[in-house]
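A closer look at the structure
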Amino acid sequence: MDQRTNGDRDFSPENPLELSRPLLPDVEEVIPYLTDIFQRKWVTNNGHYLRAFENELSRLCGTEVSVVTNGTLALDVALRALEITGEVITTAFTFPATYHVLRSIPGITPVFVDIDDRYCLDPEAVAEAITPRTKAILAVHAYGYPCQVEALEKVAEENGLYLIFDAAPAFGVRVNDRSIARFGHISTFSFHATKVLTTLEGGAICSKESEISKQVRLMRNFGISSEEEVAPFGTNAKMDELRAAIGLLGLKRLDEALRARRRVVQAYLEYFQHLRAEDITLPWDVYDDPNLTLNYAYFPVEIHETQNFSRSIVYQAMRARGVNVRKYYHPSALEVVREPLLFRGALGNTRRAARNVLCLPVHHEMDSQSSKYVVDVFDEIYRRCH
Ligand code: T4K
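Overview of the structure. (Residues numbered from 1 in each chain as written. Predicted model: local features only at pLDDT ≥ 70, side-chain atom pairs only at ≥ 80, totals over all residues. Heavy atoms only, no water.)

1. Describing the overall build of the protein
- Of the regular secondary structure elements, the protein holds 13 helices and 14 strands.
- For 386 residues, the compact-globule estimate of 2.2 N^0.38 gives 21 Å, and the protein sits close to it at 21 Å.
- The dimensions of the protein, computed from C-alpha atoms along their principal axes, are 70 × 55 × 40 Å.
- In the protein, buried positions account for 55% of the 386 residues.
- When contacts within the protein are restricted to residue pairs at least 6 apart in sequence, long-range pairs at least 24 apart make up 72% of them.
- With an accessible surface of roughly 17300 Å², the protein has 48% of that area assigned to carbon and sulfur atoms.
- Within the protein, the 52 negative side-chain charges are centred at a point lying 2 Å from the centre of the 43 positive side-chain charges. (Helix = DSSP H or I, 4+ residues; strand = E, 2+ residues; numbered from the N terminus. Rg over C-alpha atoms; globule rule 2.2 N^0.38 Å. Buried < 20%, exposed > 50% of the residue type's maximum accessible area, 1.4 Å probe, protein only. Contact = heavy atoms within 4.5 Å. Areas by Shrake-Rupley, 256 points an atom, 1.4 Å probe, with all protein chains shown as cover. Lys, Arg positive; Asp, Glu negative; His and termini not counted. Charge placed at Lys NZ, Arg CZ, Asp CG, Glu CD.)

2. Overview of the sheet that holds strand β7 (residues 178–179)
- Taken in spatial order, the three strands line up as β7-β6-β11 in an open sheet, and their pairing is antiparallel. In this open sheet, the two edge strands, each paired with only one partner strand, are β7 and β11 (292–293). (Pairing = 2+ DSSP bridges.)

3. Considering helix α2 (residues 48–61)
- Across its 14 residues, α2 extends 20 Å between first and last C-alpha, which sits within 8% of the 20 Å expected from 1.5 Å per residue.
- Immediately downstream of α2, the backbone of Gly62 shows phi near 70 degrees, a positive value. (Expected span 1.5 Å × (residues − 1).)

4. Structural notes on the packing of helix α3 (residues 71–81) against helix α4 (residues 96–104)
- Contact pair α3 / α4: the axes reach a minimum separation of 9 Å and the direction vectors enclose 40 degrees. In terms of crossing hand, the pair formed by α3 and α4 is right-handed. Taken together, the residues of α4 that come into contact with α3 (itself represented by Thr72, Leu75, Asp76, Leu79 and Arg80) are Ala97, Thr98, Val101, Leu102 and Ser104.
- Looking at the contact of α3 with α4 residue by residue, the classes come out as five nonpolar, three polar and two charged. (Axes fitted to C-alpha atoms, helices over the stretch in contact; angles between N-to-C directions. Left-handed = near helix turned anticlockwise from the far one by under 90°. Nonpolar A, V, L, I, M, F, W, Y, C, P; charged D, E, K, R; others polar.)

5. Concerning the sheet that holds strand β12 (residues 299–303)
- Overall, antiparallel pairing links the three strands, which are arranged β10-β12-β14 in an open sheet. The outermost strands of the open sheet, each flanked by one partner alone, are β10 (280–281) and β14 (357–360).
- With four bridges joining them, β12 and β14 adopt antiparallel strand pairing. Considered in β14, the bridge of Glu302 is made with Val357.
- Contacts from helix α10 (residues 311–320) reach β12 and β14 within the one sheet, and its direction differs from that of β14 by about 25 degrees.

6. Side note on the pattern of salt bridges
- Evaluated as defined, the whole model comprises 17 salt bridges.
- Residue Arg59 is joined to Glu56 by a salt bridge in which the shortest nitrogen-to-oxygen separation is 2.6 Å. One end of the pair, Arg59, and the other, Glu56, are both in helix α2, three residues apart, so they sit about a helical turn from each other.
- With a closest N to O distance of 3.3 Å, Glu158 and Lys154 form a salt bridge. Of the two residues, Glu158 and Lys154 both sit in helix α6 (residues 149–158), four residues apart, roughly one turn of that helix. Taken as a pair, Glu158 and Lys154 share a single burial class, namely exposed.
- Residues participating in the shared-partner salt-bridge network are Asp26, Glu29 and Arg253. (Salt bridge = Lys/Arg side-chain N within 4 Å of Asp/Glu carboxyl O.)

7. With respect to the site of the ligand
- In the vicinity of the ligand, 24 residues are found, and the nearest of them are Thr72, Asp166, Ser190, Arg326 and Tyr328.
- For the ligand, an oxygen atom lies 3.0 Å from a polar atom in the backbone of Leu19.
- With respect to the ligand, the side chain of Thr72 contributes an N or O atom lying 2.5 Å from an oxygen atom.
- The fraction of the free accessible surface of the ligand (930 Å²) that becomes covered by protein chains is 78%.
- Those elements that provide at least two residues to the shell around the ligand are α3 and α4.
- Here the residues of the shell around the ligand are counted per class, giving nine nonpolar, 10 polar and five charged. (Near = heavy atom within 4 Å. Polar contact = N/O pair within 3.5 Å; in protein donor to acceptor, adjacent residues only side chain to side chain.)

8. Digging into the pairing of strand β9 (residues 203–207)
- Summarising burial for β9: five of the five residues are buried, a large majority.
- Going residue by residue along β9, you find Gly203, Ile205 and Ser207 tucked away on one face and Ala204 and Cys206 tucked away on the opposite face as well.
- One ladder, built from five bridges, connects strand β1 (residues 64–68) with β9; its direction is antiparallel. For Val68, the partnering residue across the bridge sits in β9 and is Gly203.
- For strand β8 (residues 186–190) and β9, the ladder comprises four bridges, and the chain directions are antiparallel.

9. Things to note about the environment of Ala127
- Note on placement: Ala127 falls in helix α5 (residues 123–129).
- What makes Ala127 partly exposed here is its relative accessible area of 40%.

10. Notes on the nonpolar core
- Counting residues in hydrophobic clusters, the biggest one holds 105 residues, and the most contacted among them are Tyr143 and Phe299.
- Sort the elements by how many residues they give to this core and helix α8 (residues 241–275) lands first, with 15 residues.
- Not counting the four nearest positions on each side in its chain, Tyr143 is found in contact with Phe93, Tyr119, Pro169, Ala297, Tyr298, Pro300, Tyr328, Tyr329, Val357 and Cys359.
- Within the second largest apolar cluster, 25 residues are counted, among which are Val68, Ala78, Ala81 and Leu138. (Core = buried A, V, L, I, M, F, W, Y, C linked by side-chain atoms within 4.5 Å.)

11. Things to note about unusual backbone geometry
- Look at the link from Tyr328 to Tyr329: it is a cis peptide, with omega at -5 degrees.
- Take Tyr329: it is sitting in the loop between α10 and α11 (333–336).
- In this chain, His330 is followed by Pro331 through a cis amide linkage whose omega measures -5 degrees.
- Mapped onto the elements, Pro331 comes out in the loop between α10 and α11.
- Phi at Asp177 is positive, roughly 60 degrees, even though this residue is not glycine.
- Topologically, Asp177 is positioned in the loop between β6 (174–175) and β7.
- Unlike most non-glycine residues, Phe222 shows phi in positive territory, near 65 degrees.
- Along the chain, Phe222 falls in the loop between α7 (210–220) and α8.

Structure representation (structure tokens):
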């Protein structure tokens with residue numbers, strides 16, 4: 001990989017260190033693929049590169065894989081393929097895609113419950129929220145941190161519920177050396193530009209179950225199974241050949257990119273370990289768990305407001321120094337959705353996380369100088385406020 005690092009740049013609001021950067025191949029690498037696609041004149045609809053990309057993903061995930069246009073449609077197709085109606089227990093602490101999709105499907109009522117210390121749906125809160133109307137659980141691997149997958153699987157199994165994971169930011173994550181895609185009935189990924197693997201826009205739907213995968217493939221292609229047969233629902237969620245080729249090229253660089261991300265996160269962890277600040281929380285358990293292989297997609301830091309210190313102070317001060325931090329996942333569904341929301345149990349963790357979390361930049365172009373810059377700026381602000 002060529003050295004496109006950030007370290008030798010001076011960051012400023014006009015020339016910032018971005019939160020994220022797409023994992024792009026070199027243009028010269030794309031040309032042969034583009035030439036081939038143009039020569040074949042087969043540009044979409046289950047093409048050559050789409051099948052190659054799906055095979056590669058399938059090998060990595062240990063599931064059947066259908067790639068689609070984006071992570072939002074991946075969720076939409078997944079929920080419709082399972083023909084879910086009734087109550088779906090979910091989280092309000094997520095990117096709007098999750099609850100926008102849930103609310104857009106006729107017959108589905110989202111029921112919001114609280115999150116745990118790793119910002120993912122709390123299995124105990126889920127178990128307590130189940131009623132005879134509950135049909136499914138839609139959990140989110142927030143920031144790419146894996147949910148307590150085995151506990152959620154147990155709750156789903158004991159209650160005969162579908163378990164769907166919005167794994168949009170979690171590509172490459174493993175639990176007990178099993179791909180994150182192998183948990184639950186369906187997992188959906190996003191390959192947006194800001195994700196660890198990108199097809200520019202794109203997504204994937206993974207399932208271990210052939211019947212579900214068959215239904216997913218039908219749904220992503222208008223519900224058409226033959227010239228004579230069309231299912232009552234379907235959409236256009238197909239990925240084109242160029243995006244599939246970019247995904248294939250991205251996979252070749254993925255391991256190296258993940259190693260670069262890990263180095264950035266390690267530098268951050270060392271700093272925060274040393275700082276031992278009482279008004280800052282990190283999900284240490286996730287980083288300390290030897291059974292997890294993380295993808296270092298995001299680095300959320302929770303800043304608890306005190307008299308002179310708050311997320312908003314840090315946000316503004318870091319941006320003023322050219323560090324593009326973000327307040328994902330603020331605002332949460334609790335603040336966004338206008339119709340009365342159905343929720344069960346207290347949502348204290350959700351409200352607190354939406355108020356406190358700030359994500360620091362993490363991407364493969366960052367080197368030790370750029371992560372040091374972030375740490376130095378953060379430290380300067382922290383010391384000024386204390
Ligand atoms: N579920 C969850 C849990 C999700 O997080 C998401 C998406 C979805 C579902 C839906 O998946 P998709 O339908 O999007 O495939 C971004 C992404 O658009 C979105 O994919 C992502 N989650 C979300 C967390 O973040 P923005 O609007 O905040 O991104 P933006 O444009 O402000 O860019 C963020 C950073 O990335 C900036 O520092 C600049 C950099 N960047 C961005 C783009 C687009 C680049 O360097 N190059 C680029 O091309 O939403």
